[in-house]
Amino acid sequence: MTPTALELSTLGHRIRHQRVSHGYTLDELGALVGVAGSQLSLIENGKREPKLSLLQAIAHATGTDVTDLLSAEPPNARAALELELKRAQTSPVFRRLGIEPVRVTKTMSDETIASVLGLHRELQRREREAIATPEEARRANTELRLRLREKDNYLPDIEKLAEKQLKSAGHGAGALTHRTVSLMAQQLGFELIYVSDLPHSARSVTDLENGRIYLPPASIPGGHGLRSMALQAMAHRLLGHTPPTDYADFLQQRLEINYFAACCLMPETNAVAFLAQAKKDKNLAVEDFRDAFGVTHEAAGMRLTNLATVHLGIPLHFLRVDGSGAITRVYENDELPLPMDVTGAVEGQMVCRKFAARSAFAEQNRTTEHYQYTDTPAGTFWCSSQTGTTSDGEFSITVGVPFDDARWFRGRETQKRATSTCPDDSCCRSADADLTRRWEGKAWPSARVHMQMFSPLPRGAFPGVDDGEVYAFLDRHADVD
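Read on for a plain summary of the structure.

Another point: the overall build of the protein. Summing up its helical and strand segments, the protein has 19 helices and 9 strands in all. Here the C-alpha atoms of the protein give a radius of gyration of 31 Å, more than 25% beyond the 23 Å that 2.2 N^0.38 yields for 481 residues. For the protein, the spread of C-alpha atoms along the three principal axes comes to 95 × 70 × 45 Å. Residue burial in the protein is summarised as follows: out of 481 residues, 44% are buried. Sequence separation of at least 24 residues holds for 62% of the intrachain contacts in the protein that already meet a minimum separation of 6. The centroid of the 55 positive side-chain charges in the protein is displaced by 2 Å from the centroid of its 62 negative side-chain charges.

Written out as C-alpha cells, the structure reads:
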C-alpha cells in the first residue's frame, strides 16, 4: 500500500530525529548508508519514499529498529507541531480558502507554529459546527436515548438535588406553586421577571451579572409551563452547565434541565407514594397522575418513565406522535417494536397505523384517555392515548406496557384490539392489491419536503438560540430596575 504524504512526513521526522540525536550531518549519515546527503534530505522532508533496504541501513547506522522508524508517533514535540500543521494545511477545509500554506523553516519558533495551528483548529471547529446536520442531531439523540434506556430513564443525582431544593423552599405536598418557584429562584440569587420582548428563539434568558431570569408573560393562568421554564433556567446553574461543546452536549444539558424541572413539579417521594397506592388499587392512570400534580399530560407521561420501572417494577413506553404519525418524542424499555432508520434513530419515523398512538386521532371524544391492546411481533401491549392540538397541529401522547402489566392500569378491560405486523410493509404501508392494480402508473403524488432536511443546526455558543438577539435583549434590560 502506498504511504500517504503524512506518513512519509512522520517517517522523515523520525529519521531526522535519530540522525541529529547521533550527531550526524546529512552527508555523514548518507555516507554510512550509501546514498547522497541530498537524497537523504528528500526522505527527511517527506518527499521521497525510501526502500526497505535503505531503512534497514539507517536503522543499523543509528542503533534503532526499522519498526521504530516506521512508528506513526512524532519523535518529539517540535515534530508533532509540524505534522499537525501539515495535516491541517492539507485538509479540504483549508484548501477551499485558496490560501497558500505556511512553509515551516528551521528558524520558525514553536510559538509561531502553535499560533497558526490555533487558527486552523478554530477553522475546523467552526466547520464542524456548520455541518451539524439533522442527521448528526438524530445520531446524538439516539445515543442519548440508548444510554437512558440502560438506566431505566432514572437519574438519582438529579432526583436528590430536586428534593433538596424543594425542602429548602419549604415545599411539602401537592402541586408546586409559582410562589415556591420564585422562592427557589431567590435562594439561588435570582429574581423572576416576566417580559413580552424575549428573543423569539429563547424560552428564557438568565442575566448572570444582575441575577435575573427573564420569562415570557403567562398565557394560561396557573399553567405549569412557566414554572417548568423557570426551573429549567435554575437547573443550568445548579448543575454547573457551561456553554455546550457540541450538539450531543447540548442535548445532554437539555435532558438534565427537563429532568430537574420534572423532579420539582412531581417530586420523587410524593410521586412514588401516589403511584404505589394507585398500583395497589390497580388504578394507575396518567390522567390522575397529571391532575394530582397540576402538570400537562405529556409531562406526567414522561415522568412515569422515570419512576415506573425503578420503583414499581413496570417496564413501559412513551410516545408523542404528530398528526401525520411521525414520532417526535419517544422512550421505551419494554421491547415495543419501534420504526427506526439505518442509524437507529426513531424520531421522525412513522408509527404503525394500527398503534393506539395513531388510531386515537379517529376518536371523537378527545377529553379522556383511549385504551387499546395491540398484538405485535414482539408480543401484546396495552396502551393509553390522549390527543390534543397546538398551533403546529394535532398530536397524541401514549403510555403503554406489556400485556402482563396492564392489570395495574385503569382501562385494562377495554375490548379494543388491533394487530400490527410492522415493519412488514404489508401491515399498513403497502396499498391493497386491488388498489395497486387500479392506480399503479395512473397517480403521481407530490411529496411534502420538510425544510429541516436541508438546514444545518444553528451556530453560536448556544445551539438553537440567536446570540445576537439575546445579547441585545440583555443590553436593553440591564439597567432597568
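Attention now moves to the packing of helix α11 (residues 178-187) against helix α12 (residues 225-238). Taken N-terminus to C-terminus, the directions of α11 and α12 make an angle of 15°; their axes are 10 Å apart at the nearest point. Regarding the angle of α11 to α12, the classification is roughly parallel. Where α11 crosses over α12, the two elements pack in a sense that is left-handed. Counted together, H178, V181, M184 and A185 of α11 and L226, R227, A230, L231 and M234 of α12 form the full contact between these two elements. For the contact of α11 with α12, the residue count by class is 7 nonpolar, 1 polar and 1 charged.

Let us now look at the sheet that holds strand β3 (residues 212-215). Read from one edge of the open sheet, 3 strands run β1-β3-β2, paired in mixed fashion. Of all strands in the sheet, those with a lone pairing partner are β1 (191-194) and β2 (205-207), marking the two edges. Strand-to-strand twist in this sheet, taken as the mean axis angle between neighbours without regard to direction, amounts to 25°. Running at roughly 145° to β3, α12 makes contact with β1, β2 and β3 of the sheet.

With mixed pairing, 6 strands are arranged side by side in an open sheet as β5-β4-β8-β7-β6-β9. The two strands at the open ends of the sheet, each matched to only one other strand, are β5 (327-332) and β9 (417-419). Sheet twist, expressed as the mean angle between neighbouring strand axes with direction ignored, is 25°. Looking at chain direction, strand β7 (residues 379-390) and strand β8 (residues 393-402) are connected through 10 bridges and run antiparallel. Bridged to T390 within β8 is G393. Packed onto the sheet, helix α16 (residues 297-312) meets β4 (317-322), β5, β7 and β8 and runs at close to 150° relative to β4.

Turning our eyes to something else, we now look at the pairing of β5. Pairing of β4 with β5, which is carried by 5 bridges, proceeds in the antiparallel orientation. When the bridges of β5 are listed, F318 appears paired with Y331. From the end of β4 to the start of β5, which pair antiparallel, there are 4 residues, and G325 there has a positive phi angle of about 100°.

A word on the environment of R121. By the secondary structure assignment, R121 is in helix α8 (residues 110-130). Measuring from C-alpha to C-alpha, the distance between R121 and A57 comes to 38 Å, with 64 residues separating the pair along the chain. Separated by 3.0 Å, the side chains of R121 and E84 make a polar contact.

Moving on: unusual backbone geometry. With an omega of 15°, the peptide bond between C422 and P423 qualifies as cis. Residue position: P423 is located in the loop between β9 and α18 (433-439). One non-glycine residue with positive phi stands out, namely N153, at about 60°. Relative to the elements of secondary structure, N153 occurs in the loop between α9 (134-150) and α10 (156-168). N153 gets classed as buried once you look at its relative accessible area, which sits at 3%. Positioned with a positive phi, K282 is a non-glycine residue whose angle comes to about 55°.

What follows is about the pattern of salt bridges. Tallied over the entire structure, the rule returns 18 salt bridges. Two residues, R121 and E84, come together in a salt bridge whose shortest N-O distance is 3.0 Å. Placement of R121 in helix α8 and of E84 in helix α6 (residues 77-89) is noted, with a sequence separation of 37 residues between them. Overall, E84 belongs to the partly exposed group, its relative accessible area being 25%. Between R149 and E335 there is a salt bridge, with the nearest N and O atoms lying 2.8 Å from each other. In this pair, R149 sits in helix α9 while E335 sits in the loop between β5 and α17 (356-359), placing the two residues 186 residues apart along the sequence. One network of salt bridges, in which partners are shared, links R16, R19 and E44.

Here we take up the packing of helix α2 (residues 26-33) against helix α3 (residues 37-44). Running from N to C, α2 and α3 cross one another at 105°; their axes reach a closest spacing of 8 Å. Between α2 and α3, the crossing angle belongs to the class labelled roughly perpendicular. Along its contact with α2, which presents L26, D27, L29 and G30, the element α3 presents G37, L40, S41 and E44. Along the lines of polarity and charge, the residues of the contact of α2 with α3 split into 3 nonpolar, 3 polar and 2 charged.

Moving on, we get to helix α13 (residues 247-265). Relative to the 27 Å expected for 19 residues at 1.5 Å per residue, α13 spans 27 Å between its end C-alpha atoms, a close match to the ideal helical length. Burial within α13 is extensive, with 14 of its 19 residues counted as buried.

The rules behind the values
Residues numbered from 1 in each chain as written. Predicted model: local features only at pLDDT ≥ 70, side-chain atom pairs only at ≥ 80, totals over all residues. Heavy atoms only, no water. Helix = DSSP H or I, 4+ residues; strand = E, 2+ residues; numbered from the N terminus. Rg over C-alpha atoms; globule rule 2.2 N^0.38 Å. Buried < 20%, exposed > 50% of the residue type's maximum accessible area, 1.4 Å probe, protein only. Contact = heavy atoms within 4.5 Å. Lys, Arg positive; Asp, Glu negative; His and termini not counted. Charge placed at Lys NZ, Arg CZ, Asp CG, Glu CD. Axes fitted to C-alpha atoms, helices over the stretch in contact; angles between N-to-C directions. Parallel < 35°, antiparallel > 145°, perpendicular 65-115°, else oblique. Left-handed = near helix turned anticlockwise from the far one by under 90°. Nonpolar A, V, L, I, M, F, W, Y, C, P; charged D, E, K, R; others polar. Pairing = 2+ DSSP bridges. Polar contact = N/O pair within 3.5 Å; in protein donor to acceptor, adjacent residues only side chain to side chain. Salt bridge = Lys/Arg side-chain N within 4 Å of Asp/Glu carboxyl O. Expected span 1.5 Å × (residues − 1).

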